[in-house]
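Analysis of the macromolecular model
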Amino acid sequence: MRQRVGFVPLSPQQPLYRMGRAGIVWSATIADRGGICLSRATPELPRTLGTLRHSSFSEAKLANRSVKDELRGNLICKIQRGEPLFPGIIGFDDTVVPQVVNAILSRHNFILLGLRGQAKTRLIRMLTAFLDDVTPYVEGCEIHDSPYRPICRRCRGLLAEMGDETPIGWLHREQRYVEKLATPDVTIADMIGDIDPIKAARRGQDISDELTVHYGLLPRANRGIFAINELPDLAGKIQVGLFNIMQEGDVQIKGYPVRLPLDLMLVFTANPEDYTARGKIITPLKDRIGSEIRTHYPAVLDQGIAITEQEAWLDRPSPIEVRVPDYIKEVVEQLAFLAREDKRIDKRSGVSQRLPISALENVVSNAERRALKAKEAMAVPRMLDLYSALPAITGKLELEYEGELKGGDTVARELIRSAVGKIYDHYFEGANVGQIIQWFDLGGSLKLDENVDSPSMVKQLGGIQGLMEKTKALGLTSNEPDAVRASAAEFVLEGLYAHRRISRSEERGFAAEEKKREPREEGKGERPNFRRQYN
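A few points on the structure. (Residues numbered from 1 in each chain as written. Predicted model: local features only at pLDDT ≥ 70, side-chain atom pairs only at ≥ 80, totals over all residues. Heavy atoms only, no water.)

1. Re the overall build of the chain
Along the backbone of the chain there are 24 helices and 18 strands. Every one of the 535 residues in the chain was classed for burial, and the buried ones make up 50%. Nonlocal contacts in the chain, meaning residues at least 24 apart in sequence, comprise 74% of its contacts between residues at least 6 apart. Surface summary for the chain: the accessible area is close to 27500 Å², and the carbon and sulfur share equals 47%. (Helix = DSSP H or I, 4+ residues; strand = E, 2+ residues; numbered from the N terminus. Buried < 20%, exposed > 50% of the residue type's maximum accessible area, 1.4 Å probe, protein only. Contact = heavy atoms within 4.5 Å. Areas by Shrake-Rupley, 256 points an atom, 1.4 Å probe, with all protein chains shown as cover.)

2. Brief notes about unusual backbone geometry
Here the phi dihedral of Ala119 falls at roughly 65 degrees; this positive angle occurs in a residue that is not glycine. Backbone geometry at Arg500 places phi at a positive 60 degrees, although glycine is not the residue there. Relative to the helices and strands, Arg500 is located in the loop between α24 (482-498) and β17 (502-504). Judged by relative accessible area, which is 56%, Arg500 ranks as exposed.

3. Some details on the pattern of salt bridges
In the structure shown here, the tally under the stated rule is 26 salt bridges. Two residues, Asp346 and Arg348, come together in a salt bridge whose shortest N-O distance is 3.1 Å. (Salt bridge = Lys/Arg side-chain N within 4 Å of Asp/Glu carboxyl O.)

4. Some remarks on helix α7 (residues 153-162)
Of all the positions in α7, only Cys155, Leu158 and Leu159 are classed as buried. Each buried residue of α7 lies within a common arc of 95 degrees when the element is viewed along its axis, so the set occupies one face. Structural note: α7 exposes Ala160 and Glu161 on the side pointing more than 90 degrees away from its buried face. Here the buried face of α7 lies against α2 (49-53) and β4 (134-138). Of the residues trailing α7, Gly163 is marked for its positive phi of about 60 degrees. (Arc of directions from axis to C-beta.)

5. Side note on empty space enclosed by the protein
This model, assessed by the stated rule, comprises one cavity of 30 Å³ or more. Around the largest cavity sit Ala367, Arg370, Ala371, Glu376, Met378, Ala379, Val380, Arg382, Ser454 and Ala483, which together line it. The element best represented in the lining of the largest cavity is helix α16 (residues 354-374), accounting for three residues. (1 Å grid on protein atoms, 1.4 Å probe; cavity = no way out; pocket = protein on both sides within 12 Å on 5 of 7 lines; lining within 4 Å. Points joined across faces, edges and corners; volume = space filled by probe spheres on them.)

6. Examining the packing of aromatic side chains
Overall, the coordinates contain eight aromatic pairs when judged by the stated rule. Centre to centre, the rings of Tyr424 and Phe428 are 4.9 Å apart; their planes meet at 25 degrees, and the pair counts as stacked. Within this pair, Tyr424 and its partner Phe428 are both found in helix α20 (residues 408-428), separated by four residues, close to a single helical turn. For Tyr424, a relative accessible area of 6% translates into the label buried. On the basis of relative accessibility, which here comes to 4%, the residue Phe428 falls in the buried class. With a centroid separation of 6.4 Å and 45 degrees between ring planes, the pair formed by Phe428 and Phe491 is classed as tilted. Of this pair, Phe428 sits in helix α20 while Phe491 is found in helix α24, placing the two residues 63 residues apart along the sequence. (Phe/Tyr/Trp six-rings, centres within 6.5 Å; stacked < 30°, edge-to-face > 60°.)

7. Comments concerning the pairing of β4
For β4, a buried count of five out of five residues is recorded, marking the element as mostly surrounded by other parts of the structure. Every second residue of β4 is oriented toward a common face, with Val134, Pro136 and Val138 on one face and Thr135 and Tyr137 on the other, all of them buried. The sheet contact formed by β4 and strand β5 (residues 168-172) spans five bridges and is antiparallel. From the neighbouring strand, Thr135 faces β5, where its bridge partner is Leu171. (Pairing = 2+ DSSP bridges.)

8. A closer look at the state of the cysteines
In the structure shown here, the tally under the stated rule is zero disulfides. Looking at the unpaired Cys152, the closest cysteine sulfur is the one in Cys155, lying at 3.3 Å. (Disulfide = S-S within 2.5 Å.)

9. What to know about the packing of helix α14 (residues 301-311) against helix α15 (residues 326-341)
Running from N to C, α14 and α15 cross one another at 110 degrees; their axes reach a closest spacing of 9 Å. By the angle class used here, α14 and α15 are roughly perpendicular. Here α14 and α15 pass one another in a crossing that is right-handed. Residue-level contacts link Leu301, Gly304, Ile305, Thr308 and Glu309 of α14 to Lys329, Glu330, Glu333, Gln334 and Phe337 of α15. For the contact of α14 with α15, the per-class residue count stands at three nonpolar, three polar and four charged. (Axes fitted to C-alpha atoms, helices over the stretch in contact; angles between N-to-C directions. Parallel < 35°, antiparallel > 145°, perpendicular 65-115°, else oblique. Left-handed = near helix turned anticlockwise from the far one by under 90°. Nonpolar A, V, L, I, M, F, W, Y, C, P; charged D, E, K, R; others polar.)

10. Focus on the environment of Leu262
Here Leu262 is to be found in the loop between β11 (256-259) and β12 (264-270). It is 5.6 Å that separates the C-alpha atoms of Leu262 and Asn222, two residues lying 40 residues apart in sequence. With near-sequence residues (within four places) excluded, Leu262 lies in contact with Ile151, Leu218, Pro219, Asn222 and Ile245.

11. Here we look at the sheet that holds strand β9 (residues 224-229)
Either a parallel or an antiparallel arrangement is found when strands of a sheet pair, and the pairing is made through backbone hydrogen bonds. A sheet is described by the order of its strands in space; here five strands give the open sequence β6-β9-β12-β3-β13, paired in parallel fashion. The open sheet has two edge strands, β6 (177-181) and β13 (291-294), and neither has a second partner. When strand polarity is set aside, the average angle formed by the axes of neighbouring strands in this sheet is 20 degrees. Note that strand β3 (residues 110-113) and β12 share four bridges and pair parallel. In the sheet register, Leu112 faces β12, and the bridge partner there is Thr269. Set on the sheet, helix α5 (residues 96-105) makes contact with β3 and β13; between it and β13 the angle comes to about 165 degrees.

12. A word on the pairing of β9
Most of β9 is tucked away, with six of its six residues classed as buried. Direction of pairing for β9 relative to β12: parallel, over a ladder of five bridges. Residue pairing in the sheet places Ala227 in a bridge with Val267 of β12.

13. Quick notes on the nonpolar core
Of all hydrophobic cores here, the largest spans 66 residues; its most connected members are Leu397, Ile436, Leu461, Phe491 and Leu493. At 11 residues, the largest contribution of residues to this core is made by α24. Ranked by size, the runner-up nonpolar core spans 50 residues in total, among them Leu52, Ala221, Phe226 and Leu260. (Core = buried A, V, L, I, M, F, W, Y, C linked by side-chain atoms within 4.5 Å.)

As C-alpha cells, this is what we get:
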C-alpha cells in the first residue's frame, strides 16, 4: 500500500507521542483512539492559541527558535547523553558522521557527495531524529505556519480575527521531512507553487492575490527538513528559485512577487562528478551550501560484511533452517570490493553496496530451493550458488568499453573467481594440498550436480584423498551436518580452481589442470634437416 505524505506509519499499540521535556506525556495508543489523524488537534495537547501560550510550548520558547536551532539543540542533548546519533550507519563514525554533526551545529545547509549505494538518502532521512517529537502549527495551514510568527496571509488574517481562539494543530517529526528526487522535468510549480485559477474563481479574488497560490513542495516543507536527491539534475531555473528562497526568502510565481521567509533546513545529495562539472550547478547556489560532505564505500571487508548482514533478508521465515557460512559472506563482500577496483567497471558510477546485499539474498534463496527439493532439513549455500546469483550481480555493474566487449556475465564470473581466491588464501595460505591435487593428476575427476542432495555430495567429495580433512581450517568439527561439510569441501575445490591448481568445466566438472607445454628452443631436440648432396 502506498504511504501518503504527511501520515506516519504507526502500529496500533505504539504510543502516539512522548514529550518528557515539554512536560506532556501521551499514553494513549492509536487503537485506543480509533486511529487519530496526527495533523489534527487532540484533547491531550493545547487546542487553541490561548492555551498554547500558557503551556510548555510558550511564545518565549518557540517564537524565535528556527528549525536549525531546534536540530542543533536536540543534537547537543543527544551528544551529552551519549546516545548513538545515526544507528545503523556503519563505517562513517570517524569520517562522515563528524562532518554532518559539525554542519548541524553550524546551522548549515549541506550536501552529501557520493556514488550510488553509499547510504546518503538513508542518512539524511535520519535527521528527523533531531527534531522535536511534535510541534504546533496553525491548524489548516498548507505550509504549517507557526502560530507565533505566521508568514502566509491566510494565517495572519485568521490570527487577527480569532486571536487566542485560533485552532492549533500538531505535527509529528516524521511529517516535517519532505524529499524530492530531482529530474530535468521538475518545474517551478512543483517546487515553489503556482497560481490556482479555480481557487481564485471560487473565492472571487484577484489572480495576483497571495491567497490564490497553490504551494509546491518547498513551502509545504516549511518548519522542517527539505531534501533534494541528485541536485545537479535540476534545471537552472529551479536552482535559481532555490537560491532565492535560501538567500532572500522570496519567490516569483507567474511574475507576481511572493514574500515567503521559509524556515527550512535544506539537505542535498549528488554524484561528485556531476556536482563538480561546470554548468551543472549555478555558482550562487553552490556558494550558499554551507558544508560539502563526501561519503564513501566501506573501507574494510568487515564493515562491508556488517552492512550486508544488517540489510540482507537472511532471517527469513522458512520450513527449513538456513545457515550461511562466514566464508560465503566474505566471498560475496570481496566480490564487491574487487568490482570497485576493476578497470573494466565504470568508477564514475561506482558499485553499490546493494550488490552484495542482493547477491547474498540470491545465494541463500538458491540454497533454500535446493534443500526444499531434496527434502533436507537445512540449507547451506555452496560455491555453485554464487554463480546462480549472477542476475543480482550483472545488473549492478556499469561496464567500460573493455568490459562491454567481454560481457557482463563473463566479467562477473571472473570477479567471483578472484574473490574466491582471495578468501581461500585467508584460510589456507601455506596449507599443504598436495594430496588433493595428486588425486586429480592421477586421473581423478568430479562432476558436481547443482541439485544433488548433501549426503550424496559428501559421499562424492569424501572419495578425494585429504579433502575433508582440510575443512577443519574453516572451523568445522567432526559432527557437522552433511550440508555444512559439502559446502566447505566445495569451497576448497573452488579455491584450488581459482589459483589454477585444478581445472573446472562450465558443467561443474573438476579435473587436473592441463600442463602447459614448454616451447622448445630452436636447434635443440630436433634432427637437423640435413641432406647429403651428390655432385
